[in-house]
Amino acid sequence: MAEAVLELRDVSAGYGEGIVLDRVSIDIAAGGSLALLGRNGVGKTTLILTVMGFLPLAGGSVLFRGADISRLPPHKRARLGIGWVPQERDIFPSLSVEENLTVAAQPGRWDRDAVYGLFPRLRERRANMGSQLSGGEQQMLTIGRTLMTNPVVLLLDEPLEGLAPIIVEELTAAIRKMAAEGVTLILVEQHAETALELTSDAIVVERGTIAHRARSRELLQDRPTLDRFVGMNLVATEE
Ligand SMILES: Nc1ncnc2c1ncn2[C@@H]1O[C@H](COP(=O)(O)OP(=O)(O)OP(=O)(O)O)[C@@H](O)[C@H]1O
């Protein structure tokens, strides 16, 4: 098996005294795509924040390309190549779209034109200020800006949440394209069907532990498991 790009070994973490994640182990190989599923409040965002180093470990370790990064602060993890698209869209409102994209760019496959190819809307709006964008466009810009850092692994925390169906379609197409082009990614998503169609592997989180692991296409067919762990809200555009 290929060496894991990112690995969590028996990770426990939470907020202060409150432990949310309880001995969670996951790994993702280069070019892999992993859906993190589960109902509201089960610990998906906590897992992402722990990978980024915002929450201290209460146990276990986080490895990046085989090296223990458990003690590294978030900016150093980002510099190593862990790209994070947070749940709250994160753009510079007073910079233009193009400035937002280029401000943290690193050389690599994802340059400005590649990102505009992925998000034609951003090319159309390249001269607009971040503050003039719709929520969906801000989400595209957040993803585009993170891609421009040419991360080794990309963490997407509910990138489709609260967006209009047409925007969800555009973002879904872009994520599919990124995965097909070999971007290693972890996708947090409550809408299981949408996430499973975009990824190769999946884990279901329940109350801070991993309740189920499967190949995404197999879990897509496994309705009883989906109903049990994820509930009814399967497709992002249903809302
Ligand atoms: N800043 C915080 N301080 C204390 N507890 C928190 C904090 N943020 C989240 N929690 C708790 O951690 C648990 C997991 O929350 P988390 O946000 O990781 O869930 P989630 O699966 O990402 O759900 P959602 O889809 O709602 O974001 C919840 O019980 C939540 O109340």
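In the block above lies the structure referred to throughout.
Read on for an overview of the structure. (Residues numbered from 1 in each chain as written. Predicted model: local features only at pLDDT ≥ 70, side-chain atom pairs only at ≥ 80, totals over all residues.)

In this section: the overall build of the chain. Helix and strand content of the chain: 10 helices and 10 strands. Computed over its C-alpha atoms, the radius of gyration of the chain comes to 17 Å, within 12% of the 18 Å expected for a compact globule of 239 residues. Dimensions of the chain, computed from C-alpha atoms along their principal axes, come out at roughly 45 × 40 × 35 Å. Put simply, the chain has 239 residues, and 44% of those count as buried. Long-range contacts, defined here as pairs at least 24 residues apart, represent 69% of the contacts in the chain between residues at least 6 apart. (Helix = DSSP H or I, 4+ residues; strand = E, 2+ residues; numbered from the N terminus. Rg over C-alpha atoms; globule rule 2.2 N^0.38 Å. Buried ≥ 20, exposed ≤ 12 C-beta atoms within 10 Å, placed from the backbone. Contact = placed C-beta atoms within 7 Å.)

Mapped onto the elements of the fold, Asn128 is located in the loop between α5 (120-124) and α6 (135-147). Exposure remark for Asn128: the 15 C-beta atoms within 10 Å place this residue in the partly exposed category. Here the alpha-carbon distance between Asn128 and Glu99, two residues 29 residues apart in the chain, equals 9.8 Å. Apart from residues lying up to four places away in sequence, Asn128 is in contact with Ser96, Val97 and Leu133.

Here we come to unusual backbone geometry. Of note in this structure, Arg23 is not a glycine but carries a positive phi near 50°. Within the secondary structure, Arg23 sits in strand β2 (residues 18-29).

Another point: the sheet that holds strand β1 (residues 4-15). Taken in spatial order, the four strands of this open sheet run β2-β1-β4-β5, and their pairing is antiparallel. Looking at strand neighbours, the two that pair on one side only are β2 and β5 (67-68), the edges of this open sheet. Pairing analysis gives two bridges linking strand β4 (residues 57-64) to β5, with the strands arranged antiparallel. From the neighbouring strand, Phe64 faces β5, where its bridge partner is Ala67. (Pairing = 2+ DSSP bridges.)

This paragraph deals with the sheet that holds strand β6 (residues 82-85). Strand order in the open sheet made by the six strands is β6-β7-β8-β3-β9-β10, with mixed pairing throughout. The open sheet has two free edges, formed respectively by β6 and β10 (209-215), since each of these has just one partner strand. Geometrically, the sheet is characterised by an average inter-axis angle of 15° between neighbouring strands, direction not taken into account. In this structure, strand β7 (residues 153-157) lies alongside strand β8 (residues 184-188), joined through five bridges in parallel fashion. Bridging across to β8, Val153 finds its partner in Thr184. On top of the sheet, α6 reaches β6 and β7; it is set at about 170° to β6, its chief contact. (Axes fitted to C-alpha atoms, helices over the stretch in contact; angles between N-to-C directions.)

We now examine the pairing of β2. Where β1 meets β2, eight bridges bridge the pair, whose relative direction is antiparallel. Among the inter-strand pairings, Tyr15 is bridged to a residue of β2, identified as Gly18. Connecting the antiparallel pair β1 and β2 is a turn made up of two residues, with Gly16 showing a positive phi of about 60°.

Another point: the site of the ligand. What surrounds the ligand is the set Tyr15, Gly18, Val20, Gly38, Asn40, Gly41, Val42, Gly43, Lys44, Thr45, Thr46 and Gln190. Counting residues per element, the shell around the ligand draws most heavily on helix α1 (residues 44-52), which supplies three residues. Grouping the amino acids of the shell around the ligand by side-chain chemistry returns three nonpolar, eight polar and one charged. (Near = placed C-beta within 6 Å. Nonpolar A, V, L, I, M, F, W, Y, C, P; charged D, E, K, R; others polar.)

Before going further, it helps to examine the environment of Arg79. When you line up the elements, Arg79 lands in helix α2 (residues 74-80). For Arg79, a count of 12 C-beta atoms within 10 Å puts it in the exposed group.

Turning next to the pairing of β1. Here six bridges tie β1 to β4, and the two strands are oriented antiparallel to one another. Paired with Leu8 across the strands is Val62, a residue of β4.

Read these as spatial facts, not as claims about activity.
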